[in-house]
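The primary structure of each chain is shown beneath.
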Amino acid sequence: MSLAYLGLGSNLGDRRGNLRQAVELLAQVPGVVVRRRSSLYENPPVGYEAQPDFLNAVVEIETSLSPRALLEALQAIENRLGRERTIRWGPRTMDLDLLLFEGVRLDEEGLTLPHPRLCERAFVLVPLAELAPDWPLPDGRTAGQAAEEVKADADLRLQSQGSEW
Ligand code: PH2
Ligand code: MG
Ligand code: MG
């Protein structure tokens, strides 16, 4: 079994309900055990700004799946939750990103690990640091250090503290 961290985001429809459902569906995937979830944060869209605010969280899983098989399972959940792929970085009912997979670095078509934009995104780093503050990032910092550095400039509104959401 390998530890992996997933980034969850939703900015359409019942955002919290979407995130909850994603975690439920994830727990039903054979070979995936959901271990812990971060607090829930509301925050403005990064990248493409003309869209509603996001709810974001990070989930820790253990899995016997390969990174590729896990990615396919995540995409199937996105599709079940009504994801439509229109504009890059545009609004979505559910975005499930594979952020980190224990012991794995790779750069393949459609799958780069660690996630290429992990180190700069407060909406990923802050919830990740709740679960894995000592995790080493590709740039040499730990998740905790990186989260501290981006926190001050980020408009992250704690929406639900702890894992009860
Ligand atoms: N996801 C994106 C683009 N921009 N902004 C926020 N705040 N949260 C996201 O999850 C997000 C984003 C593409 O996946
Ligand atoms: Mg994303
Ligand atoms: Mg994605």
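The structure this text deals with has already been given above.
Here we summarise the structure given alongside this text. Numbers given to residues run from 1 along each chain, matching the order in which its sequence is written. All chains are assigned letters beginning with A, and all ligands numbers beginning with 1, in the order in which they are written. This being a predicted model, a pLDDT of at least 70 is required before a residue's local features are given, and a value of 80 or more before pairs of side-chain atoms are given or counted; all residues contribute to the totals for chains, interfaces and linings. To get the side-chain values, all heavy atoms of the structure are used, and hydrogens and water are removed first.

1. Quick notes on helix 2 (residues 67–80)
Consideration 1: In a regular helix each residue adds 1.5 Å, so 14 residues correspond to 20 Å; helix 2 covers 20 Å between its end C-alpha atoms and thus fits that length.
Consideration 2: Residue exposure (1.4 Å probe, protein chains only): buried if accessible area is under 20% of the type maximum, exposed if over 50%, otherwise partly exposed. Numbering of helices and strands runs from the N terminus, with a helix taken as a DSSP run of H or I at least four residues long and a strand as a DSSP run of E at least two residues long. Taken residue by residue, helix 2 has P67, L70, L71, A73, L74, I77 and E78 as its buried positions. One side of helix 2 carries all its buried residues, which in axial view fall inside an arc of 160°.
Consideration 3: Positive phi shows up at G82, right after helix 2, with a value of about 85°. Expected span, for any helix, means 1.5 Å times one less than how many residues it has. Each direction from the helix axis to a C-beta atom contributes to the arc, which is the arc of those directions.

2. Regarding a nonpolar patch on the surface
Consideration 1: Two joining distances apply to patches: 9 Å for like charges and 5 Å for nonpolar side chains (Val, Leu, Ile, Met, Phe, Trp, Tyr), and every residue must have over 30% relative accessible area and no salt bridge. With residues, only the protein chains shown are counted as cover, and all accessible areas are computed by Shrake-Rupley using a 1.4 Å probe. Put simply, a salt bridge is a Lys or Arg side-chain nitrogen that is within 4 Å of an Asp or Glu carboxyl oxygen. Together, Y48, I87 and W89 make up a nonpolar patch on the protein surface, roughly 270 Å² of accessible area in all.
Consideration 2: Within the secondary structure layout, W89 lies in the loop between helix 2 and strand 5 (95–101).
Consideration 3: A relative accessible area of 33% places W89 in the partly exposed class.

3. Observations concerning the coordination of the magnesium ion (ligand 2)
Consideration 1: Within the protein, D95 (OD) and D97 (OD) serve as the donor atoms for the magnesium ion (ligand 2), at 2.1 Å.
Consideration 2: Donor criterion used throughout: N, O or S atom within 2.8 Å of the metal, extended to 3.2 Å for Na, K and Ca. Water excluded; incomplete-looking sites may result. Metal-to-metal, the separation of the magnesium ion (ligand 2) and the magnesium ion (ligand 3) is 3.4 Å; D95 coordinates the two.
Consideration 3: D97 gets classed as buried once you look at its relative accessible area, which sits at 18%.

4. Digging into unusual backbone geometry
Consideration 1: Residue P114 is bonded to the preceding L113 through a cis peptide linkage, with omega at -10°.
Consideration 2: In this fold, P114 is placed in the loop between strand 7 (111–113) and helix 3 (122–131).

5. Re the site of ligand 1
Consideration 1: Throughout this document, a residue counts as near a molecule or strand when at least one of its heavy atoms sits within 4 Å of that molecule or strand. Inspection of the region around ligand 1 gives N43, P44, P45, V46, F54, N56, W89, R92, D95 and F123 as its neighbouring residues.
Consideration 2: For the purposes of these results, a polar contact is taken to be a pair of N or O atoms within 3.5 Å, where, inside protein, one atom must be able to donate a hydrogen and its partner to accept one; residues adjacent in sequence count only when each atom of the pair is a side-chain atom. One of the backbone N or O atoms of P44 is found 2.9 Å from a nitrogen atom in ligand 1.
Consideration 3: In the environment of ligand 1, an oxygen atom lies 2.9 Å from a nitrogen or oxygen atom belonging to the side chain of D95.
Consideration 4: For ligand 1, whose free accessible area comes to 340 Å², the fraction covered by protein is 97%.
Consideration 5: For each structure, a 1 Å grid was placed over the protein atoms alone; sets of points admitting a 1.4 Å probe that cannot get out are labelled cavities, open sets with protein on both sides within 12 Å along at least five of seven lines are labelled pockets, and lining residues have an atom within 4 Å of a point. To decide whether a molecule occupies a pocket or cavity, check its atoms: if more than half lie within 2 Å of the grid points, it is inside. Among the cavities detected, the one that contains ligand 1 is the largest pocket.

6. Topic: the layout of surface pockets
Where empty space is left can be seen by rolling a probe of water-molecule size over the atoms.
Consideration 1: Estimated volume of the largest pocket: approximately 830 Å³.
Consideration 2: Along the walls of the largest pocket sit 40 residues, with R92, D95, D97, H115 and R117 positioned nearest its centre.
Consideration 3: For the lining of the largest pocket, the elements supplying multiple residues, two or more each, are strand 1 (2–10), strand 4 (54–63), helix 2, strand 5, strand 7 and helix 3.
Consideration 4: Element by element, the count of residues in the lining of the largest pocket is highest for strand 5, at 5 residues.
Consideration 5: Put simply, Ala, Val, Leu, Ile, Met, Phe, Trp, Tyr, Cys and Pro go in the nonpolar bin, Asp, Glu, Lys and Arg in the charged bin, and everything else, Gly too, in the polar bin. In terms of residue class, the lining of the largest pocket is made up of 19 nonpolar, 11 polar and 10 charged.
Consideration 6: Grid points are joined across faces, edges and corners, and a volume is the space filled by probe spheres set on the points. Roughly 150 Å³ of volume is contained in the second largest pocket.
Consideration 7: Looking at the second largest pocket, the residues that line it are N43, P44, V46, E120, R121, A122, F123, V150, D153, A154, D155 and L156.
Consideration 8: Split by residue class, the lining of the second largest pocket holds 7 nonpolar, 1 polar and 4 charged.

7. Quick word on the nonpolar core
Consideration 1: Ranked by size, the top nonpolar core spans 28 residues in total, and within it L6, L8, L26, I61, L70, I77 and L98 carry the most contacts.
Consideration 2: Broken down by secondary-structure element, the contributors of at least two residues to this core are strand 1, helix 1 (15–27), strand 4, helix 2, strand 5 and strand 7.
Consideration 3: Only heavy atoms enter the contact rule, under which two residues are in contact if any of them lie within 4.5 Å. Among all residues touching I77, those that are not within four sequence positions of it are A22, L25, L26, V29 and L96.
Consideration 4: Ranked by size, the runner-up nonpolar core spans 23 residues in total, among them Y5, L118, A132 and W135. For this analysis, a nonpolar core means a set of buried residues of the types Ala, Val, Leu, Ile, Met, Phe, Trp, Tyr and Cys, connected via side-chain atoms within 4.5 Å.

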